[in-house]
Amino acid sequence: MHDGRTVRVSKYLSKHLRHEPGRIGLRLDAAGWVRIDELLAAAAAHGFPFTREELDHVVAVDDKQRFAVDGERIRARQGHSVPVDLALPPAEPPPYLYHGTVARFLSAIRAEGLRPMNRHHVHLSPDRETATRVGARRGRPVVLAVDSGAMRAAGHVFHVTGNGVWLTAAVPARYLRFR
Ligand code: HQG
């Protein structure tokens with residue numbers, strides 16, 4: 001399977017497992033899972049056929065391990081805009097986490113902190129390098145440090161996904177370091 005095809009299948013999975021399952025007639029369960037045979041049939045019926053072997057390959061090599069397969073079912077590990085309850089337990093964050101963004105959002109972020117926007121959570125990275133890559137999706141990256149230790153002490157709840165992305169409901173501006 002060549003890289004272009006892998007990326008196309010991965011993007012297709014992200015779109016339908018996180019954002020628009022209904023577009024191909026799929027229904028995710030409460031925790032975001034869908035049967036793999038139903039997904040393959042729905043994709044084929046909507047003009048994007050791929051095989052179970054291709055799906056397994058994409059899940060295995062995905063650069064961010066975006067998908068989890070459990071027997072005959074699959075879900076996205078995070079990043080949903082449709083309502084799902086990932087049932088992730090609360091986790092103890094490291095003292096600092098990082099958020100990659102771009103300059104044009106900074107005045108709003110200074111005023112209102114980090115908000116989840118279209119997703120369920122604010123996504124935070126464990127290191128500056130990862131946050132830099134996240135910010136670079138939108139332009140020249142700006143990395144903010146988050147005082148996650150102080151947030152935790154103040155009662156904010158964090159979760160960590162199986163692929164190392166940290167999630168929290170929102171980050172008030174006072175916990176952000178802009179330089
Ligand atoms: C910004 C990708 C204005 C925030 C990545 C970001 C990540 C605000 C954008 C994952 C704001 C939301 C998530 C505020 C936050 N005012 N702008 N108050 N608060 N923002 O895509 O963190 O490839 O929802 O800085 O690698 O960029 O999809 O979040 O720029 O892990 O697996 O609003 O998505 O992973 O954008 O990215 P997003 P994100 P995947």
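For the structure itself, consult the block above.
Residues numbered from 1 in each chain as written. Predicted model: local features only at pLDDT ≥ 70, side-chain atom pairs only at ≥ 80, totals over all residues. Heavy atoms only, no water.

Student: Explain the sheet that holds strand β6 (residues 141-146) to me, please; I cannot follow it from the model alone.
Tutor: Working definition: the strands of a sheet are paired by backbone hydrogen bonds and lie parallel or antiparallel to each other. Here three strands make up an open sheet; going across it, the order is β4-β6-β9 and the pairing antiparallel. Only two strands of the sheet have a single neighbouring strand rather than two, namely β4 (97-102) and β9 (176-177). Pairing geometry for β4 and β6, over six bridges, is antiparallel. Across the sheet, residue V102 finds its bridge partner in β6, namely P141. (Pairing = 2+ DSSP bridges. Helix = DSSP H or I, 4+ residues; strand = E, 2+ residues; numbered from the N terminus.)

Student: Just to check I follow, could you spell out the layout of surface pockets for this structure?
Tutor: A water-sized probe rolled over the atoms picks out the places where empty space is left. Quantified by volume, the largest pocket comes out at close to 1500 Å³. Residues belonging to the lining of the largest pocket are distributed by class as follows: 14 nonpolar, 19 polar and 14 charged. If you count residues domain by domain, the lining of the largest pocket takes at least three from each of domain 1 (2-76) and domain 2 (96-178). (1 Å grid on protein atoms, 1.4 Å probe; cavity = no way out; pocket = protein on both sides within 12 Å on 5 of 7 lines; lining within 4 Å. Points joined across faces, edges and corners; volume = space filled by probe spheres on them. Nonpolar A, V, L, I, M, F, W, Y, C, P; charged D, E, K, R; others polar. Domains from an automatic or database assignment.)

Student: Is there a simple way to explain the packing of helix α1 (residues 3-19) against helix α3 (residues 52-61) in this structure?
Tutor: Packed helices, taken two at a time, are described by their axes: the angle between them and the distance between them. For the pair α1 and α3, the least separation of the axes is 10 Å and the interaxial angle reads 90°. As the angle between them shows, α1 and α3 are arranged roughly perpendicular. Packed against α1, whose contacting residues are R5, T6, V9, S10 and L13, the element α3 presents E54, L55, H57, V58 and V61 at the interface. (Axes fitted to C-alpha atoms, helices over the stretch in contact; angles between N-to-C directions. Parallel < 35°, antiparallel > 145°, perpendicular 65-115°, else oblique. Contact = heavy atoms within 4.5 Å.)

Any functional reading would require information that these geometric values do not contain.
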